[in-house]
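As a plain string of letters, each chain reads:
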Amino acid sequence: MKFLTVCAAVLGVASYVTAMPLEKRAQCAATLSTAHSVADRLQSGYWNGGGWGIFWTDANTIEDLYNLMLADGTTSFDVIDSTTIGQLARRQDYNAWASAINGAWDDALWVTLALWKVGDYKVTHGQDSAPYYNSGNMVYDMVAAEYDTATCGGGVWWNSAHTYKNAVTNELFLYTSAARYNRWHDQAHLDNAKKTWNWLKNSGMRNGDGLWNDGLNSACQNNGQETWTYNQGVIASGLGALYVATGDASYLTEAEITLDATMAHKTVNGILKESCDDAANSSCNNDQAMFKGIWMKHLQFYLDAAPDHAAKYSAFIGAQESAVVHYATGSGWTVGNVWYAPSQGGSRFTAQTQTSGIAEHVSAAKYGPC
């Protein structure tokens, strides 16, 4: 097969009204074509008229579809206004958002990222981006109010019950805070990013391997729970965005401690593997089945912030692409959760695993070998 390189637009910095000029990026056309086929299968096999099944994974699915369209220049998956999340965005109603999110603050920040990505897409097509940017910021502000120092010295609560402070919610708050500053330059958001990173770094959640465990116990110590792959990706994108905001390259060093630890400790034969993945009998639930794709997506976002570091990760990204194509992909472009080996009947095929495949292919289209 002959591989071609194409250029597609990606958002640089946008305002609510006028977008800045768009950066052009080279993409691997063959890999984007694969991503498009997987997305077609997602829509034909899993679309339920308002989403694909789970609120927070739907947010990631929206982000992945719009990330794909920003990469390949198509409009094939512009479904936002048919989704529950998109309909909420158009209303721009704080109380409606609060009811939908129901105090799940990590879910909220996945929604923020999805809506910002939709806004980026709307800007490239000369369409109204304000409802998506405004709603994304409204949801972010709900979470920002959940940061406190009274328990464990800082951090955002996982949910409104105030029983748990964990890695992914605070990594997402780091990333969205730094990314919001990079877009709209409000110092308060940079301050949020810096204080969240300082708290995370000193929280004890990063273990001796350089991986982030799930959260803190009641004594504000590392609870030793699973080092899910998505925890290792979101911290990197957050630190990449903080590097863009400050120019401080030490944030890249910190990010790559965890990226490199992921490659060393969360793989089998160089291919990402979640602890619940099993070629013969996977035990992953629908949330966990999406985590590897989120890692790949946030590696893409990290490299968007630090493109001169891309060569270090290109071969690894290419290996994931090959594994997903040759091991994880079944008939009709279905993608399962097991990437590290051919399925022996244990791979799960769900909307979430399908979306995870889209995220991997889009990441590989930009930063893998072509």
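Located above this text is the structure these notes cover.
Below is a short write-up of the structure. (Residues numbered from 1 in each chain as written. Predicted model: local features only at pLDDT ≥ 70, side-chain atom pairs only at ≥ 80, totals over all residues. Heavy atoms only, no water.)

## Concerning the layout of surface pockets
Its boundaries defined by the atoms lining it, the second largest pocket holds a volume of some 260 Å³. Lining the second largest pocket are 15 residues, with Asp 106, Trp 158, Tyr 230, Asp 287 and Phe 291 positioned closest to its centre. Element by element, the count of residues in the lining of the second largest pocket is highest for helix α5 (residues 105–124), at three residues. Split into classes, the residues belonging to the lining of the second largest pocket amount to eight nonpolar, three polar and four charged. (1 Å grid on protein atoms, 1.4 Å probe; cavity = no way out; pocket = protein on both sides within 12 Å on 5 of 7 lines; lining within 4 Å. Points joined across faces, edges and corners; volume = space filled by probe spheres on them. Helix = DSSP H or I, 4+ residues; strand = E, 2+ residues; numbered from the N terminus. Nonpolar A, V, L, I, M, F, W, Y, C, P; charged D, E, K, R; others polar.)

## What to know about the packing of aromatic side chains
The way to describe two aromatic rings as a pair is by their centre distance and the angle between their planes. Enumeration according to the criterion identifies 16 aromatic pairs in this entry. With a centroid separation of 5.9 Å and an interplanar angle of 70 degrees, the aromatic rings of Trp 116 and Trp 184 are classed as edge-to-face. Taken together, the residues Trp 116 in helix α5 and Trp 184 in helix α7 (residues 167–184) connect sequence positions 68 residues apart. As far as burial versus exposure is concerned, Trp 116 and Trp 184 are alike and both buried. Between the aromatic rings of Tyr 175 and Phe 301, the centroid separation amounts to 6.2 Å while the plane-to-plane angle is 25 degrees, which identifies the pairing as stacked. Separated by 126 residues along the polypeptide, Tyr 175 in helix α7 and Phe 301 in helix α11 (residues 291–305) bring together distant segments of the chain. Each member of the pair, Tyr 175 as well as Phe 301, is classed as buried. An aromatic cluster is built from Trp 56, Trp 110, Trp 228, Tyr 230 and Phe 291, whose rings are joined through pairwise contacts. In this structure, Lys 165 is placed above the aromatic ring of Trp 157, and the distance from its NZ or CZ to the ring centre is 4.7 Å. Against the face of Tyr 147 rests Lys 195, its NZ or CZ located 4.2 Å from the ring centre. (Phe/Tyr/Trp six-rings, centres within 6.5 Å; stacked < 30°, edge-to-face > 60°. Buried < 20%, exposed > 50% of the residue type's maximum accessible area, 1.4 Å probe, protein only. Lys NZ or Arg CZ within 6 Å of the ring centre and 35° of its normal.)

## Points about the environment of Phe 301
Take Phe 301: its relative accessible area is 7%, and that puts it in the buried class. The spatial distance from the C-alpha of Phe 301 to the C-alpha of Phe 173 is 15 Å, given a sequence separation of 128 residues. Other than its neighbours up to four places away in sequence, Phe 301 contacts Glu 63, Asn 67, Lys 117, Tyr 175 and Ser 237. (Contact = heavy atoms within 4.5 Å.)

## Remarks on the state of the cysteines
Counting across every chain of the model gives three disulfides. There is a disulfide in this structure between Cys 28 and Cys 370, and the S-S distance comes to 2.1 Å. Handedness here is read from the sign of the S-S torsion; for Cys 28 and Cys 370, about 70 degrees, the answer is right-handed. With Cys 28 in strand β2 (residues 23–28) and Cys 370 in the segment after α13 (351–367), the pair connects residues that are 342 residues apart, well separated along the chain. What makes Cys 28 buried here is its relative accessible area of 1%. Across the disulfide, Cys 152 is cross-linked to Cys 220 (sulfur-sulfur distance 2.0 Å). One disulfide, between Cys 152 and Cys 220, carries an S-S torsion of -80 degrees and so falls in the left-handed class. With Cys 152 in the loop between α6 (130–144) and α7 and Cys 220 in the loop between α8 (187–203) and α9 (229–246), this residue pair connects regions lying 68 residues apart in the sequence. For Cys 152, a relative accessible area of 22% corresponds to the partly exposed category. (Disulfide = S-S within 2.5 Å.)

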